[in-house]
Amino acid sequence: SEVHSLQSILEEHLPNDKLKVVERLLYGEPTVELALPPAAVEAAAAGKFELKGYGFPCPKEQLRASRIVRVGLIQNKIVLPATAPIADQLTALHKRIGQIAETAAQCGVNILCMQEAWTMPFAFCTREKAPWCEFAESAESGATTKLLQEWARRFNMVIISPILERDDDHQDTIWNTAVIIDADGSYAGKHRKNHIPRVGDFNESTYYFEGNTGHPVFQTRYGRIAVNICYGRHHPLNWAMFGINGAEIVFNPSATVNGLSEPLWPIEARNAAIANSYFTCAINRVGTESFPNSFTSGDGKPAHQDFGHFYGSSYVAAPNGSRCPGLSRLEDGLLVTELDLNLCRQVKDKWGFQMTQRLDMYAQSFGAAVQPGWKPQIVGKQ
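Since this is a predicted model, take the numbers as computed values, not measurements. (Residues numbered from 1 in each chain as written. Predicted model: local features only at pLDDT ≥ 70, side-chain atom pairs only at ≥ 80, totals over all residues. Heavy atoms only, no water.)

1. Considerations on the overall build of the protein
- Scanning the protein from N- to C-terminus turns up nine helices and 15 strands.
- By the compact-globule yardstick of 21 Å for 382 residues, the protein fits well, its C-alpha radius of gyration being 21 Å.
- Looking at the protein as a whole, 53% of its 382 residues qualify as buried.
- When contacts within the protein are restricted to residue pairs at least 6 apart in sequence, those whose partners lie at least 24 apart make up 71%.
- Of the roughly 17400 Å² of accessible surface on the protein, 55% is carried by carbon and sulfur atoms.
- Of the side chains in the protein, 36 bear a positive and 40 a negative charge, and the two mean positions are spaced by 6 Å. (Helix = DSSP H or I, 4+ residues; strand = E, 2+ residues; numbered from the N terminus. Rg over C-alpha atoms; globule rule 2.2 N^0.38 Å. Buried < 20%, exposed > 50% of the residue type's maximum accessible area, 1.4 Å probe, protein only. Contact = heavy atoms within 4.5 Å. Areas by Shrake-Rupley, 256 points an atom, 1.4 Å probe, with all protein chains shown as cover. Lys, Arg positive; Asp, Glu negative; His and termini not counted. Charge placed at Lys NZ, Arg CZ, Asp CG, Glu CD.)

2. Describing the packing of helix α3 (residues 38-47) against helix α4 (residues 86-106)
- Where α3 contacts α4, the two axes come as close as 9 Å, and the packing angle between them is 160 degrees. As far as their axial angle goes, α4 and α3 are roughly antiparallel. As for how α3 packs across α4, the hand of that crossing is left-handed. Here Ala39, Ala40, Ala43 and Gly47 of α3 lie close against α4, whose contacting residues are Arg96, Thr103 and Gln106.
- Grouping the amino acids of the contact of α3 with α4 by side-chain chemistry returns three nonpolar, three polar and one charged. (Axes fitted to C-alpha atoms, helices over the stretch in contact; angles between N-to-C directions. Parallel < 35°, antiparallel > 145°, perpendicular 65-115°, else oblique. Left-handed = near helix turned anticlockwise from the far one by under 90°. Nonpolar A, V, L, I, M, F, W, Y, C, P; charged D, E, K, R; others polar.)

3. Digging into the side chain of Ser313
- Along the chain, Ser313 turns up in the loop between β13 (304-311) and β14 (315-317).
- Leaving out residues up to four positions away in the same chain, Ser313 has contacts with Gln75, Trp265, Gly326, Leu327, Ser328 and Arg329.

4. A short note on the sheet that holds strand β4 (residues 111-113)
- The eight strands are arranged β1-β2-β15-β3-β4-β5-β6-β7 in an open sheet whose pairing can be described as mixed. Of all strands in the sheet, those with a lone pairing partner are β1 (32-33) and β7 (187-192), marking the two edges.
- Summarising the sheet, β1 and strand β2 (residues 50-55) pair through two bridges and their orientation is antiparallel. Residue Glu33 lies in a different strand from β2, and its bridge partner there is Tyr54. (Pairing = 2+ DSSP bridges.)

5. Side note on the nonpolar core
- Counting residues in each nonpolar core, the largest one holds 48 residues, and the members touching the most others are Ile111, Ile249 and Phe251.
- Setting aside its immediate chain neighbours within four residues, Ile249 contacts Val71, Ile111, Arg224, Ile225, Ala226, Phe279, Cys281, Leu339 and Leu341.
- Listed in part, the 28 residues of the second largest apolar core include Val109, Ile159, Ile163 and Ile181. (Core = buried A, V, L, I, M, F, W, Y, C linked by side-chain atoms within 4.5 Å.)

6. Quick notes on helix α2 (residues 16-27)
- Here α2 contains twelve residues, and its C-alpha end-to-end distance of 16 Å stays within 8% of the 16 Å for a straight helix at 1.5 Å per residue.
- Taken as a whole, α2 has its buried residues at Leu19, Glu23 and Tyr27. Relative to the axis of α2, the buried residues are bounded by an arc of 35 degrees and lie together on one face. Every exposed residue of α2 that faces more than 90 degrees away from the buried side is listed here: Asp17 and Leu25. (Expected span 1.5 Å × (residues − 1). Arc of directions from axis to C-beta.)

7. With respect to the packing of aromatic side chains
- Under the defined criterion, the tally for this structure stands at 14 aromatic pairs.
- Judged by centre distance (4.8 Å) and plane angle (85 degrees), the rings of Phe122 and Phe124 are edge-to-face. As far as burial versus exposure is concerned, Phe122 and Phe124 are alike and both buried.
- When the ring centre of Phe310 is taken as reference, the NZ or CZ atom of Arg285 above it lies at 5.7 Å. (Phe/Tyr/Trp six-rings, centres within 6.5 Å; stacked < 30°, edge-to-face > 60°. Lys NZ or Arg CZ within 6 Å of the ring centre and 35° of its normal.)

8. Quick look at the layout of surface pockets
- Its boundaries defined by the atoms lining it, the largest pocket holds a volume of some 660 Å³.
- Elements that contribute at least two residues to the lining of the largest pocket include exactly α6 (236-244), α7 (265-276) and α9 (359-369).
- No other element matches the eight residues that α6 contributes to the lining of the largest pocket.
- Tallied by class, the residues present in the lining of the largest pocket amount to 15 nonpolar, nine polar and three charged.
- Of the pockets and cavities examined, the second largest pocket occupies roughly 420 Å³.
- Contributing to the lining of the second largest pocket are 21 residues, with Gln7, Glu11, Glu23, Tyr54 and Pro325 lying nearest its centre.
- At the level of secondary structure, the elements contributing two or more residues to the lining of the second largest pocket comprise α1 (6-13), α2, β1 and β2.
- The residue makeup of the lining of the second largest pocket, split by class, is six nonpolar, seven polar and eight charged. (1 Å grid on protein atoms, 1.4 Å probe; cavity = no way out; pocket = protein on both sides within 12 Å on 5 of 7 lines; lining within 4 Å. Points joined across faces, edges and corners; volume = space filled by probe spheres on them.)

If you want it as structure tokens, here you go:
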């Protein structure tokens with residue numbers, strides 16, 4: 001886990017001419033490095049977080065004006081150890097992310113998204129209810145939402161805040177939820193995680209079950225956005241429904257570790273961007289989080305006190321299949337990308353995936369496949 005990033009290895013070992021070829025093969029059409037404000041660069045250096053910026057080229061159209069949006073993704077470690085008092089941990093994270101959000105505003109970011117459950121350690125591996133359930137708060141009126149509403153108004157910024165939600169109106173149940181705040185500070189809505197993992201140390205169903213909000217797309221000041229939380233990225237139909245509902249950018253706030261998913265990470269959000277002709281933003285937390293009590297997960301491994309290394313590597317992919325280099329595997333970071341949402345329709349016109357996707361055929365097949373008497377369509381001797 002001491003490797004900084006794939007990009008750093010390529011830059012260290014390849015001459016520039018070969019690097020450009022490899023980047024084209026790995027990343028698709030080249031992105032353009034953004035010239036970020038010197039004050040933002042200085043703030044990132046002083047705050048000890050990585051700052052990267054890339055723009056995705058898009059051909060100009062004759063009749064439609066460009067629809068330029070700047071997106072910011074934040075990946076971070078927890079600030080205090082998981083043994084610190086809950087209030088202190090929350091306050092420290094609010095302060096840390098506030099510093100990075102200030103830098104995002106300096107960079108002209110219009111839409112900002114944090115990592116999954118950004119206000120807490122990712123403690124769901126422990127299966128302990130106390131004290132971790134105390135991090136849960138109201139999506140509509142909790143302290144975090146109120147704070148971010150102030151940021152949204154101050155920075156004229158749409159903010160996506162993935163939290164552990166406490167539903168006061170439904171018997172204090174808990175959900176894994178993303179809160180969407182529009183640029184005027186108004187509460188735009190929420191989306192609850194559709195798919196819950198039951199693999200390795202990801203014991204999340206001890207705390208919350210599958211969400212009940214469907215596949216909402218939020219019309220914000222800067223475009224139509226949706227949130228596919230973490231494990232949902234492994235489900236192509238989950239991605240597809242956000243596209244069918246009209247999303248132009250789909251965010252994937254995540255928390256995933258190197259021993260489990262790292263080979264899948266660079267592929268899944270990019271595949272979704274290609275298949276659904278929208279932009280995807282993959283955000284992963286970073287660092288190693290240790291807990292006071294040892295735990296096991298029924299996989300034969302010895303008892304341990306940490307989840308493993310959260311490998312960061314946040315990136316953005318475009319509907320034409322290109323993607324930018326990722327952030328570090330080791331450091332806090334802010335990734336700023338400049339997108340022209342016109343590219344979504346341009347790619348639809350070029351490739352025709354939506355025109356040829358045959359939803360009617362698959363709707364009929366899926367409807368039949370969920371029936372108790374379903375038999376697979378296998379042809380030949382059995």
